[in-house]
Amino acid sequence: MYGKNQTVLLRQDEQPSLGCRCPGCGKEYGHFQVEISENRRTKTQLISQRKEPGLRSEKRENLKPIQLSWKNKIISEARVDVIKKSLAFAINILNSDSVAEEDKKRIKNTIEIVHQRMLKDIKHYELEDKRDSQWNVYDENGKALWNPVKLIKQYREEGDPLYHLSNMPILFFCRILKKYPLSTVYSQLEISHMMDGFKFAIKNFKSIDKQNWDYPLYEWLIIIEYEKSEGIAKTRRMLEDLDGSHGKKSRREIRNQARKLKNIPVQRLLKDFFELLDYLDRTAQNDPELSIGRNKRRQAAR
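Residues numbered from 1 in each chain as written. Predicted model: local features only at pLDDT ≥ 70, side-chain atom pairs only at ≥ 80, totals over all residues. Heavy atoms only, no water.

### A look at the packing of aromatic side chains
The relation between two aromatic rings is expressed through the spacing of the ring centres and the mutual angle of the planes.
Then, in step 1: Evaluated as defined, the whole model comprises six aromatic pairs.
Then, in step 2: Ring geometry for Tyr155 versus Tyr218: centroids 4.3 Å apart, planes at 15°, classification stacked. Here Tyr155 is found in helix H3 (residues 148-158), whereas its partner Tyr218 is found in helix H6 (residues 217-230), with 63 residues between them in sequence.
Then, in step 3: Look at Tyr155 and you get buried, because its relative accessible area is 4%.
Then, in step 4: Judged by relative accessible area, Tyr218 falls into the partly exposed class, the value being 34%.
Then, in step 5: Here the aromatic residues Phe198, Phe273 and Phe274 are joined through ring pairs into a cluster of three or more.
Then, in step 6: In this structure, Arg297 is placed above the aromatic ring of Phe172, and the distance from its NZ or CZ to the ring centre is 4.2 Å. (Phe/Tyr/Trp six-rings, centres within 6.5 Å; stacked < 30°, edge-to-face > 60°. Helix = DSSP H or I, 4+ residues; strand = E, 2+ residues; numbered from the N terminus. Buried < 20%, exposed > 50% of the residue type's maximum accessible area, 1.4 Å probe, protein only. Lys NZ or Arg CZ within 6 Å of the ring centre and 35° of its normal.)

Structural data, given as structure tokens:
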């Protein structure tokens, strides 16, 4: 017993072989150790008491596709490159006189199978696009203006436009600001706006990384805008259609998010955030000592 955490150990020292290979060290002998911990101080905080928007009590691990979007993009680009090279190789074989007709026939059959699969996928996406159109937002003349489901899916597929900045060198920024304070160039109001933009970007990064954010901040802004236009009942149906059972949200929760995130000047916040980054970059570039650290970080990011 250690404090209030109870630890139970189960050992098999007498058995010379594990009967399998350990996935950690690769050995086939040793002992098993199982730890069971009980934290008696753990308390569940009510959602209504949480200050951050978008937070829920449970993890929603399968609802974080945005975290994998950059990896998926790299994988998809690599697969497209492989397909292109394979097709070029197949075309060269089909045009070669040294390859038997029987082999050419097998290659043609394989290409036809791949082609049929691609047509099937295209048909699937066409049906999906048609189904998603039920959530279109129209103007008074019946013209479709935008679609929340398509925007969220596009966001998840393409990746967050700011997320590549999530590993900002904060300590290096502090060095720059200590040597060249913002107050020497900007007014207090401009500095306040820059800090607001910086906080907004940090909150956006946090909403992507933390699993207890059921939707990233970007998606929440789309959801709230749709609720303002189409009402809360249709918004709930839209989310459930988008994410199934994980998209079920109460009226109270959506309204709480609408209250916390309403009237956020996103464009101004992003403009001020990038104004801050531009100032830091220009200042470091013009300083002989700071430019060394700046150039090292730019090279490491490539």
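### Let's talk about the nonpolar core
Then, in step 1: Residues Met168, Phe173, Ile176, Leu182 and Phe205 are the most contacted members of the largest nonpolar core, which totals 22 residues.
Then, in step 2: The set of elements that each furnish at least two residues to this core consists of helix H4 (170-179), helix H5 (188-209) and helix H9 (266-285).
Then, in step 3: Of the residues forming this core, the biggest block, six residues, is contributed by H9.
Then, in step 4: Excluding its chain neighbours within four sequence positions, the residues that come into contact with Ile176 are Leu280, Thr283, Ala284 and Leu290.
Then, in step 5: Counting 21 residues, the second largest nonpolar core, distinct from the first, contains Leu217, Ile224, Ile232 and Ala258. (Core = buried A, V, L, I, M, F, W, Y, C linked by side-chain atoms within 4.5 Å. Contact = heavy atoms within 4.5 Å.)

### What about a nonpolar patch on the surface?
Then, in step 1: A contiguous nonpolar surface patch, about 240 Å² in accessible area, is contributed by Ile83, Leu87 and Ile111.
Then, in step 2: Residue class for Leu87 comes out partly exposed when judged on its relative accessible area of 41%. (Patch = residues over 30% accessible without salt bridge, like charges linked within 9 Å, V, L, I, M, F, W, Y side chains within 5 Å. Areas by Shrake-Rupley, 256 points an atom, 1.4 Å probe, with all protein chains shown as cover. Salt bridge = Lys/Arg side-chain N within 4 Å of Asp/Glu carboxyl O.)

### Observations regarding the pattern of salt bridges
Then, in step 1: Under the counting rule described, the total for this entry stands at 19 salt bridges.
Then, in step 2: Glu289 is paired through a salt bridge with Arg175; the nearest N and O atoms lie 3.7 Å apart. Of this pair, Glu289 sits in helix H10 (residues 288-301) while Arg175 sits in helix H4, and the two are 114 residues apart along the sequence.
Then, in step 3: Several salt bridges share partner residues, and in doing so they unite Glu128, Arg131, Asp132 and Lys153 into one network.

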